[in-house]
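# Remarks on the overall topology
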Amino acid sequence: MKVLETKNLHKKFHKLEVLKGIDFSIEQGQVISIIGSSGSGKSTFLRCLNFLEKKDKGDIIYQSKKVENKASSITELRKHVGMVFQSFNLFQNMTVLDNVASGLRIVNKMEKTKAEETAKEVLEKVGMLDKANEYPARISGGQQQRVAIARALAMSPDVVLFDEPTSALDPELVAEVLSVMQDMAKEGMTMVIVTHEMGFAKEVSDRVIFLHEGKIAEEGTPEEVFEHPQNERLQSFLNSMTFS
């Protein structure tokens, strides 16, 4: 079953057309990685999926229902579509535990004790329960990103969107975040991942999409995209990347 899809999605900033008609869908339990050069529209596309950027044209469809461009529809969508940003976006004045529990209390109106119990469960899942009472500034970037993932998971989303989740991390911290994401994929979480980690994309994805100049230039299985690329731009892009 299709969980999230777009039809003829367009987005421009002033005169710059960033997305030029994206048709996309993801089914329950799938992992889709989106790759491409800087400026190809990857992050803009992801941000349009949960209305952090307002689309100019086209449809965004969640669970077979078109999402209207109004506050109530967007709020409902965001309850089910989690987002993990490259810069963590944690509240610096809240503990790790409160960062994860706050959405449950504010959005889901969950009682404080229950919200904290749920937060502790997901923090344990990402290996961060021992840091529950720390503040973000006192933990590493990799640990902060694992907290951000826990915050998304706490809402029991149908889909989690990842916007280059390791790009702000020192190289030695990347593996710990990718490991958590790998576990999520194994457990059947539906994920859309914008990433420069080609080895990771090759390993965990069901499908890989190559965006170029605001269009899907090629898509397929990891084997098709990485081993037998058809598009010249994709071939050139892959030749410039390192695989780990």
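I will try to describe carefully the structure that is included in this document. (Residues numbered from 1 in each chain as written. Predicted model: local features only at pLDDT ≥ 70, side-chain atom pairs only at ≥ 80, totals over all residues. Heavy atoms only, no water.)

### Here's the deal with the environment of E116
Heads up, the condition is: Helix and strand definitions here come from DSSP, where helices need a minimum of 4 consecutive H or I residues and strands a minimum of 2 consecutive E residues; each element is numbered from the N-terminal end. Each residue is placed in one exposure class: buried if its accessible area under a 1.4 Å probe, protein chains only, is under 20% of its type's maximum, exposed if it is over 50%, and partly exposed if it falls in between. Residues are treated as being in contact if the distance between any of their heavy atoms lies within 4.5 Å.
Here E116 lies in helix 4 (residues 112-125). Judged by its relative accessible area of 19%, E116 is buried. When the C-alpha positions of E116 and I216 are compared, they lie 42 Å apart, and in sequence the two are 100 residues distant. Once residues within four sequence positions are removed from consideration, E116 is found in contact with L97, D98 and A101.

### Section: the packing of aromatic side chains
For clarity, the cut-off: Two rings from Phe, Tyr or Trp (for Trp, the six-membered ring) form a pair when their centres sit within 6.5 Å of each other. Planes less than 30 degrees apart are called stacked, planes more than 60 degrees apart edge-to-face, and all others tilted.
Applying the stated criterion across every chain yields a total of two aromatic pairs. Ring geometry for F24 and F45: centres 5.2 Å apart, planes at 75 degrees, overall edge-to-face. Of this pair, F24 sits in strand 2 (residues 16-27) while F45 sits in helix 1 (residues 42-49), and the two are 21 residues apart along the sequence. Of the two residues examined, F24 and F45, each falls in the buried class.

### What about the sheet that holds strand 1 (residues 2-13)?
What counts, and what does not: Pairing between strands is defined by DSSP: at least two bridges between them are needed. Interaxial angles span 0 to 180 degrees and are taken between N-to-C directions of axes, which are lines fitted to C-alpha atoms, for helices over the stretch in contact.
Read from one edge of the open sheet, four strands run 2-1-4-5, paired in antiparallel fashion. Looking at the sheet topology across the chains shown, the edges are occupied by strand 2 and strand 5 (65-66). Where strand 1 and strand 2 come together, nine bridges link them in antiparallel fashion. Looking across to strand 2, one finds that H10 is bridged to K20. Those strands touched by helix 1 are strand 1, strand 2 and strand 4 (57-62), and its axis lies near 120 degrees from that of strand 1.

### A closer look at the pattern of salt bridges
It is possible for side chains bearing opposite charge to pair when their charged atoms get close. Stated formally: Salt bridges are counted wherever a side-chain nitrogen of Lys or Arg sits within 4 Å of a carboxyl oxygen of Asp or Glu.
The final tally for this structure, using the stated rule, is ten salt bridges. Residue D59 pairs with K66 through a salt bridge whose shortest N-O separation is 3.8 Å. With relative accessibility at 27%, the residue D59 sits in the partly exposed group. The salt bridge involving R207 is made with E219; its shortest N-O contact spans 3.0 Å. Of this pair, R207 sits in strand 9 (residues 207-212) while E219 sits in strand 10 (residues 215-220); the two residues are twelve residues apart in sequence, bridging distant segments of the chain. A relative accessible area of 18% places R207 in the buried class.

### A look at the environment of N231
Within the secondary structure, N231 sits in the loop between helix 8 (222-227) and helix 9 (232-240). Beyond its immediate sequence surroundings of up to four residues, N231 is in contact with F210, A217 and E218.

### Notes on unusual backbone geometry
In this structure, N8 takes a positive phi of about 55 degrees despite not being glycine. Relative to the helices and strands, N8 resides in strand 1. On the basis of relative accessible area, N8 is assigned to the partly exposed category, the value being 33%. The phi torsion at K109 lies on the positive side, around 55 degrees, for a residue other than glycine. If you trace the backbone, K109 turns up in the loop between helix 3 (96-106) and helix 4.

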